[in-house]
Amino acid sequence: MKRYLRFIAIFAVLGMVLVACSPADEGGEETTTTEATEEPTTTEAMDETTTTEAMDDTTTTEAMAMTPVVTCLVTDLAGVDDRSFNAAAWQGVQDAVASGAAAADPILLESDEQADYAPNLDQCLAQGAQHIVTVGFELGDATATYAAANPDVTFTIVDFAYDPEIPNVRGLVYQTDEAAFAAGYLAAGVTQTGIIGTYGGLNIPTVSIFMDGMTKGVNYYNEQNGASVTVIGWDVDAQDGVFTGVFDPADPVVRSTCESMLDEGADIMLPVGGAINLPCGTAIQDRGIDAALIGVDQDAFLAAPEEYQDLWLVTIEKGLAIQVQRSLEDHAAGAWTPGVTVGTLANDGVGLSEYHSWADRVPAELDAEVQQILADIASGALDING
């Protein structure tokens, strides 16, 4: 639980500032690393000239002959019990074991601090890993460095991408603003107070993309319905908003941030940063008010503790596990390619969960409009940035 209560939810789709991580050797078998000759920069998922969309991400290569690969996964600071993207990535590794793509007993190394990234990658190599999965943008620098120094090892990094691409790295990124747009429209149609709140851990692309997409969806609802629902916590024009500065849900600033928005009348909240949404749920319950949460990454109704189930209006989901599994299966089948795989509504890489406990509170007409918006974004008929 302690590890679950430390979370950062960070996933790069846009250009970002990275935390430099310098490789460090541990005792035992020595692993030597060198800095990449050309330091890659992040690439935006929306830049179609440098990314390709895998339209078959929801399928696997089980029918192809596969040679199981020794796999190692390195988490970010949230750890594997984050009930979010670390947990989903590890599930993808386990699914790859089940399909015969990853060798039995995959290696799991959790990072308690940024200084652990390089030693953990050293351990992956020392234990003979053929495919290393790294989770989160904060591992971007370390992954690039180790990939350059170990060209015979294959890497998959979640929520990060490189431009130019690295020959032995596949980046998995997600156009989550597409699904968030539909979630914003839904929230605007459900709110009773006309105020929706959002806050994140840090103003980084993998966090702000949810807030931005949701706010644009609310604005679209207002345009289509002559409404005046407001969003507090994010400014589309300024590309800035309210951030806790931490991803630890135990930090008092997390709950106080939610409380201040509830004080302003918000009755639907989108906290972005994994477990930093749970203190907001507790605040809602303690007040005994009629309010809801919007989840991110994995279906929060299923992933979060049961005592919060009645609070989840919907979750903005990423297809994390299947993309990690697919990368490992491609490797095992000899069909692996580097570059960027972008999860979109069109390829089921992002989407919305069921409404679960809120299903009977979402009018059929509103749900039909949300489903049409999802379809229109997927087909290109609706440009969320237009």
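Keep in mind that this is a model prediction, so the values were computed, not measured. (Residues numbered from 1 in each chain as written. Predicted model: local features only at pLDDT ≥ 70, side-chain atom pairs only at ≥ 80, totals over all residues. Heavy atoms only, no water.)

A. Structural context of the sheet that holds strand 2 (residues 107-109). The strand order across the open sheet formed by six strands is 2-1-3-4-5-13, and the pairing between neighbours is parallel. The open sheet is flanked by strand 2 and strand 13 (339-343), the only strands paired with a single partner. Averaged over all adjacent pairs, the angle separating strand axes in this sheet is 15 degrees, with direction ignored. Inspection of the sheet shows strand 1 (residues 71-74) paired to strand 3 (residues 131-135) by four bridges, in the parallel sense. Its bridge partner being in strand 3, Thr71 is matched across the sheet by His131. Relative to the sheet, helix 9 (residues 320-332) contacts strand 1, strand 3, strand 4 (154-158), strand 5 (169-174) and strand 13, its axis offset from that of strand 5 by approximately 160 degrees. (Pairing = 2+ DSSP bridges. Helix = DSSP H or I, 4+ residues; strand = E, 2+ residues; numbered from the N terminus. Axes fitted to C-alpha atoms, helices over the stretch in contact; angles between N-to-C directions. Contact = heavy atoms within 4.5 Å.)

B. A look at the confidence of the model for the protein. Residues with a pLDDT of 70 or more make up 83% of the protein, whose mean pLDDT is 86. pLDDT under 50 marks residues 1-62. Its contacts with residues more than four places away, or in other chains, come to 187 contacts. (pLDDT = per-residue confidence, 0-100.)

C. Up close: the sheet that holds strand 10 (residues 268-272). Pairing is mixed in the open sheet, where six strands are placed in the order 7-6-10-11-12-14. With partners counted over all chains shown, the strands left at the sheet margins are strand 7 (230-232) and strand 14 (350-352), one partner each. Put simply, the sheet's adjacent strands are angled 20 degrees from each other on average, direction ignored. Sitting on the sheet, helix 4 (residues 176-190) touches strand 6 (195-200), strand 10, strand 11 (292-297), strand 12 (312-318) and strand 14, and the angle it makes with strand 12 is about 170 degrees.

D. Up close: the nonpolar core. Counting 93 residues, the largest nonpolar core has Ile132, Val158, Leu186, Leu313, Ile316, Leu352 and Val370 as its most contacted members. Looking at this core, the element that brings in the most residues is helix 4, giving ten residues. Residues in contact with Val158, not counting those within four places in the same chain, are Phe85, Ala89, Val133, Thr134, Val135, Gly136, Phe137, Leu172, Leu320 and Val324. If you look at the next biggest cluster of nonpolar residues, it comprises 22 residues, including Cys258, Ala266, Cys280 and Tyr308. (Core = buried A, V, L, I, M, F, W, Y, C linked by side-chain atoms within 4.5 Å. Buried < 20%, exposed > 50% of the residue type's maximum accessible area, 1.4 Å probe, protein only.)

E. Quick look at the pairing of strand 10. Burial analysis of strand 10 places five of its five residues in the buried class, the great majority of the element. Residues Ile268, Leu270 and Val272 line one face of strand 10 and the alternating positions Met269 and Pro271 line the opposite face, and both faces are buried. Summarising the sheet, strand 6 and strand 10 pair through five bridges and their orientation is parallel. By the bridge assignment, Gly197 is partnered in strand 10 with Met269. Relative to strand 11, strand 10 runs parallel, the two sharing two bridges. Looking at strand 11, one finds that Ile268 is bridged to Ala292. Considered for its hand, the β-α-β crossover made up of strand 10, helix 7 (residues 278-287) and strand 11 is right-handed. (Right-handed = clockwise from strand over helix to strand, strands pointing away.)

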